[in-house]
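# Survey of secondary and tertiary structure
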Amino acid sequence: MTETSVAPQNNADLAKGDQVQYVNELTTLNLGPTHPATHGIFQNILTMDGEKIVAGEQTVGYIHRAFEKIAERRPFYQITTLTDRMNYCSSPINNFGWHMTVEKLLSIEVPKRAQYIRVILMELARIADHIICNGILGVDTGAFTGFLYVYEKREEIYEIYEEICGARLTTNMGRVGGMERDLNSTAINKINEFLKSFPPVLKEFERLFNRNRIFMDRTIGVGGISAERAMSYGFTGPNLRAAGVDYDVRVMSPYSSYEDFEFDIPVGQHGDTYDRFMVRNEEMWQSLRIIEQAMKNLPEGPYYADAPEFYLPPKQEVYRNMEALIYHFKIVMGEIDAPIGEVYHAVEGGNGELGFYLISDGGRTPYRLHFRRPCFIYYQAYPEMCVGSTISDAIVTMSSLNVIAGELDA
Amino acid sequence: MTTDVKIVEAPDGYQGSGFFATSFDKVVGLARSHSLWPLPFATSCCGIEFMSTMAARYDLARFGSERPSFSPRQADMLLVAGTIAKKMAPVLKQVYLQMAEPRWVIAIGACASSGGIFDTYSVLQGIDRVIPVDVYVPGCPPRPEQILEGILQVRELTHNESLRRRNSSEYQALLASYNIQ
Amino acid sequence: MFVNDLLGLPTEFITTTPLIHMLTNQSVAEEIVKKFGDDVFDFEEPFGMLTFTTTREQIIPLLEYLKSHPQFNINFLTDITAIHYPDALGQEFCVVYHTHSFINNFRIRIKVYLPDADVHIPTAVGLWASANWMERETFDLFGIIFDGHPNLKRILNMEEMDYHPMRKEYPLEDPTRQDKIDALFGR
């Protein structure tokens, strides 16, 4: 297409009044960084031939916040707050992923109850993440109703979070060594209520979209990627599974007792937008299954590990017990050194393999902490996925990739 | 038939049979304050809370912001929700410049207000370094109720603002201090 | 489609679950040493992950070998990043590759140490498309130059930035803050 384009070279050409032929003149379209359809801030400079995209180039980094540099200055427990703000649609997964990384370094064995509570919360977070992605995909294809309808359920997940940690979005949930507090009866009731009230809503949401002619026309065959290319581009999570590769960290390298649960890994066939949507929808059902099992088999016992050097003692103890007071002081002042070591720990985040590469030189802070952010790695495939399609398809493709700017730019 | 629709109270003025006289300021303020079109400039976590504010439960539309205007040309208030990196600062200023007067700005969340926990080389330490801000909403992120409160504060401002304020020398000096003509 | 199918393994190997722990660190390490000899050294296994060091000349042949090895099938590049050790003379920078075999569920971590004066290393873009941005990020934050990279420019920071912020000598804080310079309550 590029070869056939003949554009006037400069104003002088035009002034001469020569017959200039306009054949397939290419235009440059700047999509972003504040375009409402980009859901986050990244710039796409698209070269367009009419309404067809010929080439694209992205600029990212508009919300680079230097997480990795900050992490080098913070004691381990203070880094949890940073992980919150990475993939803010599913903060608990990031929180627990980080805690598990530190626990691996410290060789702390977390009690079964805490592991199950973590699983419940991580799966709730996955549902919350997928609700955003699929809801917004509906908005981008012209169906606002679905979004408003399932978002109401997302608020209920927020209520569960609030019951457990007091915050809605940036949860800062749990501690190194377990949970900060046990599930109280209100939280348990709310989770059970959610398990009952969410399936009909999700079913209705699926009825709205799954066989909807307009939605299918807008998404089937749009933004497809083959399994080979997806793996080459470092796709993980629902986007890779939509392309047909059944890779899931929860199954491949189980953490936090995921091996105890029975669940399926949905895979797609074509790696297109419709498959991504369907995989995410199915994952919500599987998450519900996991939560149900975890709630049913929730073991009794302590909710935190016996690791006094790293787990903040309960507040009552701090007031009454000298030893607890000393540990409390030492932990808060960051006076306890971690062992020397090198850890890579991965969890299945909302968007794929969320990895933490931690190098400890024995000090109170990490020597180096690197986050493997799934969004950052797979977003580079975006131009390849939308070349040849129209601008409206490109929007839908981006929406279904669920690129979270905070995670992308670190 | 009775309805729950509330009619706003008329401002102070002179009333007689078939006429009502009040100052133009008050009428314009009343109209503006009940139809503030927000321009969501959502960059990160606070953007998700802003989504909650727009969604069914908190329903921003109750306060006259039914239509989030994604074009700066037709927006009344700029809601900056989230961290603004230094790379983003010129874009933010450009968006602000594209808005027509009168325009109001809310800095939602700690990052937009002061840089928040991100005291780093790459983050702008508060958007008030590039554009003037009317209302700051604290929180990391603020709850939807807090965001609503911030918008209500802007309503108060618009309600009581004099029509001449934007022409005053103080306002011009404020803009000049940000290098805005 | 299963992973095995995708990589053209014989049909009798097709299974819905991956063949977990088919390889051991020991056997893989021995095989690699047999092939690369003295160019691979410092074998470790911190928390079970096979880790070793190689040279910048051998890194791409090594990755290629691991990727095309019929048994290892290291078919996925998980991550590329760098570490700065300002005090290690001649080994100031360490580029770390995390690789993963989906078929064997086996991870390998490979390190390459580079001196401060010569931070060049060949690019892995030819092997995995995902290396593109990972290398750009590493360049942006550490200043490691990946030779042969198609588009090696800053990705997260502004183009105008004249230093590589993740190096240990550069400060974290924003230098323009005036309200945090208090001697007692400041930073």
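Everything that follows concerns the structure shown earlier in this document.
Structural notes, computed from the coordinates. In this text the structure is predicted, and so the values were computed from the model without any measurement.

In this section: the sheet that holds strand β6 (residues 368–372) of chain A. Residue and element names in this part refer to chain A. Judged by pairing direction, the sheet is antiparallel, and its 3 strands sit side by side in the order β4-β5-β6 without closing on themselves. In the strand order of this sheet, the two ends are held by β4 (340–348) and β6, each with one partner. Strand after strand, the sheet turns through a mean of 10° between neighbouring axes, direction not considered. Lying over the sheet, helix α4 (residues 91–106) contacts β4, β5 (353–361) and β6, oriented at roughly 150° with respect to β4.

The next thing to look at is the sheet that holds strand β2 (residues 43–49) of chain A. All names here are of chain A. With antiparallel pairing, the 3 strands of this open sheet are ordered in space as β1-β2-β3. Two strands bound the open sheet, and with one partner strand each, they are β1 (26–31) and β3 (52–59). Mean inter-strand twist for the sheet, computed between neighbouring axes without regard to direction, equals 20°. On the sheet, helix α17 (residues 391–401) packs against β1, β2 and β3 and is oriented at approximately 150° with respect to β2.

Residue and element names in this part refer to chain A. Interhelical geometry of helix α7 (residues 185–209) versus helix α12 (residues 273–296) gives an angle of 160° and a closest axis separation of 11 Å. Considering their axes alone, α7 and α12 lie roughly antiparallel with respect to each other. Where α7 crosses over α12, the handedness of that crossing is left-handed. Contact with α7, carried on its side by Ile188, Ile191, Asn192, Phe194, Leu195, Phe198, Pro199, Leu202, Lys203, Phe205, Glu206 and Phe209, involves Phe277, Asn281, Met284, Trp285, Leu288, Ile291, Glu292 and Met295 of α12 and no other residues of that element. The class makeup of the residues in the contact of α7 with α12 is 15 nonpolar, 2 polar and 3 charged.

With that settled, the discussion passes to the pattern of salt bridges. If you walk through the whole model with that rule in mind, you get 40 salt bridges over all chains. Notably, a salt bridge pairs glutamate 49 of chain B with arginine 168 of chain A, separated by 2.8 Å at the nearest N-O pair. Of this pair, glutamate 49 of chain B sits in helix α2 (residues 45–54) while arginine 168 of chain A sits in the loop between α6 (144–165) and α7, each in a different chain. Both residues of the pair, glutamate 49 of chain B and arginine 168 of chain A, belong to the buried class.

The next point concerns the interface of chain C and chain B. It is common to report an interface's size as the accessible area lost on association of the parts. If you look at the interface, chain C gives 17 residues, while chain B gives 10 residues. Summed over both sides, the interface between chain C and chain B buries roughly 1,100 Å², with carbon and sulfur atoms accounting for 47% of that surface. Broken down residue by residue, the surface that chain C buries against chain B is led by Met158, Asp174 and Arg177 of chain C, which jointly contribute 43%. One can count 1 salt bridge joining chain C with chain B. Between lysine 86 of chain B and aspartate 174 of chain C there is a salt bridge whose closest N-O contact spans 2.3 Å. Linking chain C with chain B are 4 residue pairs in polar contact (both at pLDDT 80 or more). Classifying every residue of the side of chain C that touches chain B gives 10 nonpolar, 2 polar and 5 charged.

Residues and elements named next belong to chain C. Relative to the helices and strands, histidine 164 is located in the segment after β7 (145–147). Residue histidine 164 is classed as buried on the basis of its relative accessible area of 17%. Within the structure, histidine 164 has its side chain in polar contact with the backbone oxygen of phenylalanine 139 (distance 3.0 Å).

Rules of the game
Residues numbered from 1 in each chain as written. Chains lettered and ligands numbered in written order. Predicted model: local features only at pLDDT ≥ 70, side-chain atom pairs only at ≥ 80, totals over all residues. Heavy atoms only, no water. Pairing = 2+ DSSP bridges. Helix = DSSP H or I, 4+ residues; strand = E, 2+ residues; numbered from the N terminus. Axes fitted to C-alpha atoms, helices over the stretch in contact; angles between N-to-C directions. Contact = heavy atoms within 4.5 Å. Parallel < 35°, antiparallel > 145°, perpendicular 65-115°, else oblique. Left-handed = near helix turned anticlockwise from the far one by under 90°. Nonpolar A, V, L, I, M, F, W, Y, C, P; charged D, E, K, R; others polar. Salt bridge = Lys/Arg side-chain N within 4 Å of Asp/Glu carboxyl O. Buried < 20%, exposed > 50% of the residue type's maximum accessible area, 1.4 Å probe, protein only. Buried area = accessible area lost by both parts, 1.4 Å probe. Polar contact = N/O pair within 3.5 Å; in protein donor to acceptor, adjacent residues only side chain to side chain.

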